[in-house]
There are 4 protein chains.
Amino acid sequence: MATTFRGIVPPVCTPLRDNFGVDVRSLCRTVDFLLDAGVHGLFVLGSTSEVAYLPDRHRALVMETVVDHVAGRVPVLVGCIDTTTLRVAEHIDMAGQAGADAVVVTAPFYARTHPGEIELHYRMLRDRTELPIVAYDIPTAVHSKLDSDLVLRLAEDGVLAGIKDSSGADASFRALVLGKRDRGLRDFAVLTGSELLVDTMLALGADGAVPGLANVDPVGFVAIHRFMSDGDSAAARSEQERLLRLFSIIDIGAPDRMGRGSAALGAFKSAMKLRGVIDNAVTAPPQVPLDDEEVKQIEAILAETGLLP
Amino acid sequence: MATTFRGIVPPVCTPLRDNFGVDVRSLCRTVDFLLDAGVHGLFVLGSTSEVAYLPDRHRALVMETVVDHVAGRVPVLVGCIDTTTLRVAEHIDMAGQAGADAVVVTAPFYARTHPGEIELHYRMLRDRTELPIVAYDIPTAVHSKLDSDLVLRLAEDGVLAGIKDSSGADASFRALVLGKRDRGLRDFAVLTGSELLVDTMLALGADGAVPGLANVDPVGFVAIHRFMSDGDSAAARSEQERLLRLFSIIDIGAPDRMGRGSAALGAFKSAMKLRGVIDNAVTAPPQVPLDDEEVKQIEAILAETGLLP
Amino acid sequence: MATTFRGIVPPVCTPLRDNFGVDVRSLCRTVDFLLDAGVHGLFVLGSTSEVAYLPDRHRALVMETVVDHVAGRVPVLVGCIDTTTLRVAEHIDMAGQAGADAVVVTAPFYARTHPGEIELHYRMLRDRTELPIVAYDIPTAVHSKLDSDLVLRLAEDGVLAGIKDSSGADASFRALVLGKRDRGLRDFAVLTGSELLVDTMLALGADGAVPGLANVDPVGFVAIHRFMSDGDSAAARSEQERLLRLFSIIDIGAPDRMGRGSAALGAFKSAMKLRGVIDNAVTAPPQVPLDDEEVKQIEAILAETGLLP
Amino acid sequence: MATTFRGIVPPVCTPLRDNFGVDVRSLCRTVDFLLDAGVHGLFVLGSTSEVAYLPDRHRALVMETVVDHVAGRVPVLVGCIDTTTLRVAEHIDMAGQAGADAVVVTAPFYARTHPGEIELHYRMLRDRTELPIVAYDIPTAVHSKLDSDLVLRLAEDGVLAGIKDSSGADASFRALVLGKRDRGLRDFAVLTGSELLVDTMLALGADGAVPGLANVDPVGFVAIHRFMSDGDSAAARSEQERLLRLFSIIDIGAPDRMGRGSAALGAFKSAMKLRGVIDNAVTAPPQVPLDDEEVKQIEAILAETGLLP
């Protein structure tokens with residue numbers, strides 16, 4: 001018996017128009033592109049979706065579009081990303097109305113927080129919604145780390161249905177996987193946000209992965225998952241290593257001109273445009289766009305890794 | 001000639017009811033309490049106002065209530081605190097409709113940022129509104145620091161009307177004050193967020209201060225400002241030192257039970273309640289409340305510093 | 001063909017007397033304990049050895065004792081841990097005189113540093129010694145991270161003979177392993193400092209591991225290595241998971257009374273004493289010792305994990 | 001009654017030869033240059049002295065040279081900078097033998113630390129030496145902050161004779177000054193490491209300042225101190241603002257080529273050479289030197305601020 005939230009669950013990029021409105025047609029094509037590759041779920045309105053850059057009405061449009069377009073074929077997890085409890089609760093209400101299968105929630109941010117307050121945050125939200133709540137551990141964004149003991153305790157109490165671990169702290173990830181097993185939390189989904197260790201994390205016992213790079217090459221990540229299910233870790237490793245090379249596209253945007261977020265999102269979207277998935281590689285402000293030369297370098301890497309002729 | 005935004009500009013606490021709704025009557029009493037003390041402006045929806053804890057409809061209620069109640073007697077600055085440009089722009093629209101005199105805007109947060117992106121953020125917002133924009137430098141919340149050269153450049157270009165510096169980096173504050181003078185930026189308001197160095201910062205050339213503790217003792221801060229205007233730095237220092245003792249109320253909440261934000265906001269609100277300004281010391285979730293014993297310690301400090309009989 | 005520095009290479013704890021002098025007899029017993037378990041090398045004067053707590057004459061005694069006692073049976077790597085180039089160079093001279101097989105060197109610390117300065121640091125030390133230099137990536141101690149591209153470049157240029165990666169950043173670890181293969185750096189040793197992911201890191205292509213916990217259970221780590229060499233990853237995983245449980249001894253020291261270093265070193269040494277390897281669990285000042293109750297909890301965990309009857 | 005350690009106490013730069021040995025003649029000239037300007041004490045082997053770059057025998061040469069050359073005219077404080085207690089104790093022994101008037105000691109670094117361990121560190125060192133111990137609060141180097149309550153408690157207990165506060169946290173500095181007064185700690189020296197707020201910190205009640213920039217312009221800092229003693233804060237402010245402009249020399253070294261330490265130390269030494277105080281601007285490895293163009297910019301700033309014709 002597996003958890004509901006498992007396998008390859010890409011955090012779906014949000015295609016935009018030049019006026020920064022959501023490009024709904026490209027978004028639907030992205031969903032098709034991912035489902036055709038065989039992904040096991042979709043995560044909308046996460047960091048890779050530029051959730052922090054989207055006004056509420058854009059967020060609503062994204063979740064409604066994707067839930068509608070997916071039409072139940074795979075679970076749709078919706079990021080409800082905001083600073084603290086009452087604000088997150090409103091996003092959860094919106095997600096529920098849109099038909100989300102689960103919501104994904106970080107620790108408080110901007111406000112200074114504390115482990116006791118993080119626990120209270122999740123417990124209060126649990127009282128507020130019927131939807132499964134997946135904790136989102138992303139210290140680079142929220143500047144605190146979810147403690148694995150707290151997460152497991154909240155899982156036991158039925159507060160959390162899973163965790164998306166984007167902390168990069170793999171020892172704590174292993175503690176989650178082991179703690180899940182020890183406590184018999186079969187329905188608790190342990191998902192890694194790693195793009196570069198998906199084979200490894202699945203070997204350790206992860207239920208699934210949420211790799212941003214799957215927007216560019218979903219077939220590759222689905223293959224890793226299948227190879228690992230089949231016990232062919234050598235094939236999985238080889239595919240993962242190809243994707244590690246592909247991942248170097250995120251380092252092309254010049255560091256003196258833009259942040260690492262702009263470089264990564266710009267690279268994902270440029271690659272998706274080059275592959276014909278989306279119409280426009282624009283990212284939301286104040287992110288800085290890649291220039292033509294940088295896009296050419298991305299094109300070259302796509303060719304080297306077999307994604308362009 | 002002074003800037004429009006100057007003097008003592010308290011960041012107004014947001015009184016709440018038990019159900020976490022805005023307590024409008026207590027909010028109006030808080031405004032009266034501050035105006036009666038002679039403050040020179042009000043800053044609503046800042047960190048001390050628990051802005052990160054308030055849903056948009058609560059934010060709207062706060063700004064409309066305060067702008068209406070103040071009725072032009074002093075300028076009202078409104079915090080438009082959200083992660084990135086498009087989201088902040090929506091808050092600015094709301095502030096404009098409510099009649100704000102200026103908006104206060106941080107660097108992007110949650111999303112990884114970059115100096116070039118921070119600059120773009122402010123410039124794009126400048127194109128979007130007629131309202132004066134005050135930059136809000138608060139690294140403990142947004143996890144980046146505004147560079148003083150960038151701030152001065154944006155001031156020269158008319159993008160920024162002022163800065164509220166809560167960075168605690170006083171050398172950079174001095175560079176702002178000196179840069180303002182050197183570049184002849186007479187209308188650019190340099191405000192410190194410090195509560196403990198108001199005399200000092202005014203001596204260095206600050207136009208004003210935005211001390212959270214002024215919610216508890218506005219008369220004290222207004223006195224410091226007047227003493228400094230009158231050239232009586234000894235009296236200002238003595239008053240500041242009394243307030244430094246008062247400020248120890250923020251350390252009473254037990255660190256093993258709550259974060260430093262809970263402890264500070266809980267202390268401010270408990271003190272305001274003890275002084276009869278607000279009806280209820282509740283703070284927004286997931287903040288942890290002070291217990292009765294802790295409130296008694298606050299009461300004792302208020303007595304020692306002359307605020308209770 | 002494997003690198004010289006490979007397999008399980010424990011960072012050897014430094015047993016102390018009550019007067020904080022080196023307990024040479026216990027040190028020799030520790031070496032025997034580790035060699036009897038079949039470890040492939042020893043790393044003295046690393047963080048787990050309390051190198052930062054040992055005066056130079058204690059450091060000299062440790063390296064001379066261990067090199068002499070090992071007598072060439074396995075390679076002995078010696079940590080030359082100091083703030084900057086000239087100071088490290090003196091430790092390297094001492095290590096050379098003592099007969100070290102390699103030296104282990106961090107990026108500069110205390111002083112603010114820069115990637116260009118880190119590169120210069122290693123290149124200048126390379127000019128200074130014939131001994132192989134292993135880079136030590138330990139951001140929790142030195143507060144900067146070694147860039148994997150820089151490390152690979154220094155490996156290609158013959159400056160570095162290996163890296164001990166205690167950064168916990170496993171994506172960058174994977175980049176090192178892959179970069180080593182792509183560039184044909186067969187003699188370059190990629191060692192993980194992880195205690196909890198040894199099976200995983202070996203599966204990724206690590207040449208070896210330097211787990212502090214091997215001071216307590218070297219047999220377990222040697223077994224993981226052998227299982228992985230034999231292709232039995234299930235057995236390796238099972239053993240690793242037992243060791244993960246054992247590793248919980250480092251969390252017993254009370255956080256309100258001591259730092260995480262005191263708790264970990266105190267736990268390792270208490271466990272070694274309980275197992276009869278060393279005479280005294282004392283740690284160097286200003287570390288805080290575990291109390292009797294805490295030691296009893298460690299004893300219980302040793303029993304649960306099969307290390308005590 | 002003033003403390004022994006007060007007034008302007010420059011952290012003395014350590015002039016080096018091309019082979020990175022100490023340039024004793026230039027060091028003596030530096031001491032003369034500073035004493036002629038009227039400084040009230042000297043601090044050798046601090047961060048500005050490149051203490052983290054100097055082998056022990058260079059450190060010994062520096063302290064012996066300066067103590068001997070000063071010959072009791074002003075107090076000489078000696079930095080005993082090393083990772084933990086036993087290592088610091090050895091530096092204190094050396095300082096005592098050299099005739100230091102006080103030693104300056106940071107919290108532990110490299111090793112993970114804890115407030116309880118920091119307290120134990122200072123108390124154990126107090127038991128070890130008769131020399132006055134000045135705590136050195138420098139979070140940018142040691143990555144922890146000294147708590148002002150702890151410092152005041154150690155002062156009351158006779159453990160600490162003073163503090164050099166280079167934390168830049170001026171609210172905590174004010175708490176120190178006020179705590180000193182409240183507790184009647186007349187002999188406890190509160191010194192600021194600020195270069196840009198010396199007038200301000202003296203106004204707040206600091207006993208003195210330890211500004212690195214005083215190596216370049218000791219006359220300026222002595223003038224600020226005298227103006228403040230005379231109650232002429234306007235003159236002090238004007239002089240401080242000139243020095244703030246001078247301080248921009250530390251930003252000239254290109255950030256893509258060197259760290260902020262290299263840029264600052266290189267600038268100080270280049271300026272001292274341009275002023276004829278030292279023979280050679282070389283800094284210790286692995287610091288990166290300024291290039292000719294950068295030195296020309298420094299020359300221009302020295303001319304603008306009245307230090308070169």
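Please refer to the structure placed before this passage.
So, here is what we can say about the structure in this document. A quick note: this is a predicted structure, and the numbers were derived from the prediction, not measured.

The two units chain B and chain C remain apart, with a minimum C-alpha distance of 9 Å. No interface is formed between chain A and chain D, the nearest pair of C-alpha atoms being 9 Å apart.

What follows is about the pairing of strand β6 (residues 162-165) of chain A. Residues and elements named next belong to chain A. Of the two faces of β6, both are covered, the one formed by G162 and K164 as well as the one formed by I163 and D165. Sheet topology places strand β5 (residues 133-137) next to β6; 4 bridges connect them, and they run parallel. Counterpart to D137 in the pairing with β6 is D165. As paired elements, β6 and strand β7 (residues 189-192) share 4 bridges and run parallel to each other. Considered in β7, the bridge of K164 is made with L191. Following the chain from β6 across helix α7 (residues 170-182) to the adjacent parallel β7, one finds a crossover that is right-handed.

Here the structure, examined in full by the defined rule, presents 0 disulfides over all chains. Cysteine A:C80 remains unbridged, with the sulfur of A:C13 as its closest cysteine sulfur at 19 Å. Judged by relative accessible area, which is 1%, A:C80 ranks as buried. This cysteine, C:C28, is not joined by any disulfide, and C:C13 carries the nearest cysteine sulfur, 15 Å off.

Residue and element names in this part refer to chain B. Here A267 is to be found in helix α11 (residues 260-274). Residue classification places A267 among the buried positions, given a relative accessible area of 0%. Taking C-alpha positions, A267 is 37 Å from R123, a pair spaced 144 residues apart along the chain. If sequence neighbours within four positions are ignored, A267 has contacts with I249, I250, L290 and I298.

The next subject is the sheet that holds strand β8 (residues 208-209) of chain A. Residues and elements named next belong to chain A. The strand order across the open sheet formed by 8 strands is β1-β8-β7-β6-β5-β4-β3-β2, and the pairing between neighbours is parallel. The strands lining the two open edges of the sheet, one partner per strand, are β1 (7-8) and β2 (42-44). Of the strand pairs in this sheet, β1 and β8 are connected by 2 bridges, and their pairing is parallel. Across the sheet, residue I8 finds its bridge partner in β8, namely A209.

Cis peptide bonds are those with omega within 30 degrees of zero, and the linkage from A:P285 to A:P286 qualifies with 10 degrees. Mapped onto the elements of the fold, A:P286 is located in the loop between α11 (260-274) and α12 (292-304). Despite not being glycine, B:F20 shows a phi value in the positive range, around 70 degrees. Residue placement: B:F20 occurs in the loop between β1 (7-8) and α1 (24-36).

Our next topic: the interface of chain B and chain D. On the chain D side, the residues contacting the 18 residues of chain B number 19 residues. Summing the contributions of chain B and of chain D, the shared interface buries around 1800 Å²; its carbon and sulfur component is 49%. When the buried area of chain B at its contact with chain D is split by residue, B:R174, B:L178 and B:E241 rank highest and sum to 31% of it. Taken together, the connections running from chain B to chain D amount to 6 salt bridges.

Spanning 14 residues, helix α3 (residues 85-98) of chain D covers 20 Å between terminal C-alpha atoms, matching the ideal 20 Å at 1.5 Å per step. Listed as buried for α3(D) are D:T85, D:L86, D:R87, D:V88, D:A89, D:H91, D:I92, D:A95 and D:A98. Residues of α3(D) that are buried make contact with α2 (56-70) and α3 (85-98) of chain C together with α2 (56-70), β3 (76-79), β4 (102-106) and α4 (115-128) of chain D. D:G99 occupies a position one or two residues after α3(D) and carries a positive phi of about 95 degrees.

Another aspect to go through is the relation of the copies chain B and chain D. If you rotate chain B by 180 degrees and push it 0.0 Å along the axis, it lands on chain D with an RMSD of 0.0 Å. Within this description, the copies of the chain are treated as partners about a two-fold rotation axis. Most of the interface of chain B is mirrored in chain D: 100% of its interface residues are interface residues there too.

What counts, and where the lines are drawn
- Numbering of residues begins from 1 in every chain and follows the order in which that chain's sequence is written.
- For naming, the first written chain is A and the first written ligand is 1, with later ones following in the order written.
- With the structure being a predicted model, the display of local features is reserved for residues of pLDDT at least 70 and the display and counting of side-chain atom pairs for 80 or more, all residues being used for whole-chain, interface and lining totals.
- The basis for the side-chain values is all heavy atoms of the structure; hydrogens and waters are excluded.
- Note on definitions: a residue-residue contact is assigned when non-hydrogen atoms from the two residues lie within 4.5 Å.
- Accessible area is worked out with a 1.4 Å probe on protein chains only. A residue is then buried under 20% of its type maximum, exposed over 50%, and partly exposed in between.
- Comment: elements are numbered from the N terminus, with helices defined as DSSP H or I runs of at least four residues and strands as E runs of at least two.
- By definition, two strands form a pair when at least two bridges between them are found by DSSP.
- Orient the strands so they point away from the viewer, and a crossover whose first-strand-to-second-strand path over the helix runs clockwise is right-handed.
- A pair of sulfur atoms, both from cysteines and within 2.5 Å, is called a disulfide here.
- Summed over both partners, buried area is the accessible surface (1.4 Å probe) that two parts give up on being assembled.
- Throughout this description, the term salt bridge denotes a Lys or Arg side-chain nitrogen within 4 Å of a carboxyl oxygen of Asp or Glu.
- Expected helix span is computed as 1.5 Å times (number of residues minus one).
- Copies are brought into register by a least-squares superposition over C-alpha atoms of residues with pLDDT of at least 70 in both.

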